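Single-letter residue listing:
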Amino acid sequence: QVQLVESGGGSVQAGGSLRLSCTASGYSKCMGWFRQAPGKEREWVAVIYTGDTGGDSTYYRDSVKGRFTISRDNAEHAVFLQMNSLKPEDTAMYYCVAGGNMGWEKCRRSFVVDSLLDAWGQGTLVTVSS
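All of these numbers come straight from a predicted model, not from anything done at the bench.

Participant: Help me understand the sheet that holds strand β8 (residues 78-83), please; the structure alone is not making it clear to me.
Facilitator: Neighbouring strands of a sheet are bound in pairs by backbone hydrogen bonds; such pairs are parallel or else antiparallel. With antiparallel pairing, the 4 strands of this open sheet are ordered in space as β1-β3-β8-β7. Unpaired on one side and paired on the other, β1 (4-7) and β7 (68-73) mark the two borders of the sheet. The average angle at which neighbouring strand axes cross in this sheet is 15 degrees, direction not considered.

Structure follows, in structure tokens:
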């Protein structure tokens, strides 16, 4: 099982930016981020998938679309989440997640339904103040 370590969380004012990083011990075609605010259910944030041709596909939940960007460096087994125009409702513990090496559609589905994901990081806390 791949081991994941997140970093980059912190406190920021509304409208600010943060860049989260995730370093993995192994490779997973399907990677992404979840978040969980105190007292609320865990929710997926973004997914990235490297296809057999080497190109990446991405998918974002509507509430972060246009503000967050997921990217990766496969040579370094790293995944990033650039978060811009942060809002107080973005406050949460953010988790890097390895989905596995399934196809793209199953990758997305696994994140959307929060099911059959391979490995989770310890989390990095993001606090956005108003």
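Participant: Would you mind showing me how to read the nonpolar core here?
Facilitator: Considering soluble globular proteins, one finds that nonpolar side chains tend to be buried as a cluster. Among the nonpolar cores identified, the biggest contains 28 residues, and Leu4, Trp33, Leu81, Met83 and Tyr94 are the most heavily contacted of them. Mapped by element, the contributors of at least two residues to this core are β3 (18-24), β4 (30-36), β5 (43-50), β7, β8, β9 (92-100) and β11 (124-129). Apart from residues no more than four positions distant in its own chain, Leu4 is found in contact with Cys22, Thr23, Ala24, Met31, Cys96, Val97, Ala98, Ala119, Trp120, Gly121 and Gln122. The next biggest cluster of nonpolar side chains, apart from the first, holds 12 residues, and it includes Val47, Tyr49, Tyr95 and Val97.

Participant: Got a minute to help me understand the state of the cysteines in this structure?
Facilitator: When the sulfur atoms of two cysteines share a covalent bond, that bond is a disulfide. In the structure shown here, the tally under the stated rule is 2 disulfides. One disulfide bridge connects Cys30 with Cys107, the sulfur atoms lying 2.0 Å from each other. Negative torsions about the S-S bond denote left-handed disulfides, and the value of about 85 degrees found for Cys30 with Cys107 makes this one right-handed. Taken together, the residues Cys30 in strand β4 and Cys107 in helix α1 (residues 104-112) connect sequence positions 77 residues apart. With its bonded cysteines labelled in order along the sequence, the chain shows the pairing 1-3, 2-4.

Participant: Help me understand the side chain of Arg35 in this model?
Facilitator: Mapped onto the elements, Arg35 comes out in strand β4. Assessed through its relative accessible area of 5%, Arg35 is described here as buried. Among the polar contacts listed, one links the side chain of Arg35 to the side chain of Glu43, at a separation of 2.8 Å. Among the polar contacts made by the side chain of Arg35, one reaches the side chain of Asp90 at a distance of 2.9 Å. Excluding residues within four positions of it along the chain, Arg35 makes contact with Glu41, Arg42, Glu43, Val45, Ser63, Val64, Phe68, Glu89, Asp90, Ala92, Met93 and Tyr94.

Participant: Could you clarify how one ought to interpret the pairing of strand β6 (residues 56-60) in this entry?
Facilitator: Sheet faces and side chains relate simply in a regular strand, where the side chains alternate between the two faces. Taken together, the 5 bridges between β5 and β6 define a ladder with antiparallel strand orientation. Residue pairing in the sheet places Thr50 in a bridge with Asp56 of β6. Linking β5 to β6, which pair antiparallel, is a turn of 5 residues; within it Gly54 sits at a positive phi near 95 degrees.

Participant: Would you explain unusual backbone geometry in this entry?
Facilitator: Trans peptide bonds make up the majority, and among non-glycine residues the majority have a negative phi. One non-glycine residue, His77, adopts positive backbone phi at about 55 degrees. Structurally, the position occupied by His77 is in the loop between β7 and β8. Located in the positive-phi region is Leu116, a residue other than glycine, with phi close to 60 degrees. Summarising the element assignment, Leu116 is placed in the loop between α1 and β10 (119-120).

Participant: I tried to follow the side chain of Thr124 on my own but got confused; where do I start?
Facilitator: Along the chain, Thr124 falls in strand β11. A polar contact of 3.0 Å, which involves the side chain of Thr124, links it to the backbone nitrogen of Gly9. Leaving out residues up to four positions away in the same chain, Thr124 has contacts with Glu6, Ser7, Gly8, Gly9, Leu20, Ala92, Met93 and Tyr94.

Rules behind the numbers
- Residues numbered from 1 in each chain as written.
- Predicted model: local features only at pLDDT ≥ 70, side-chain atom pairs only at ≥ 80, totals over all residues.
- Heavy atoms only, no water.
- Pairing = 2+ DSSP bridges.
- Helix = DSSP H or I, 4+ residues; strand = E, 2+ residues; numbered from the N terminus.
- Axes fitted to C-alpha atoms, helices over the stretch in contact; angles between N-to-C directions.
- Core = buried A, V, L, I, M, F, W, Y, C linked by side-chain atoms within 4.5 Å.
- Buried < 20%, exposed > 50% of the residue type's maximum accessible area, 1.4 Å probe, protein only.
- Contact = heavy atoms within 4.5 Å.
- Disulfide = S-S within 2.5 Å.
- Polar contact = N/O pair within 3.5 Å; in protein donor to acceptor, adjacent residues only side chain to side chain.

Scope: geometric values only; no functional claims are made or implied.
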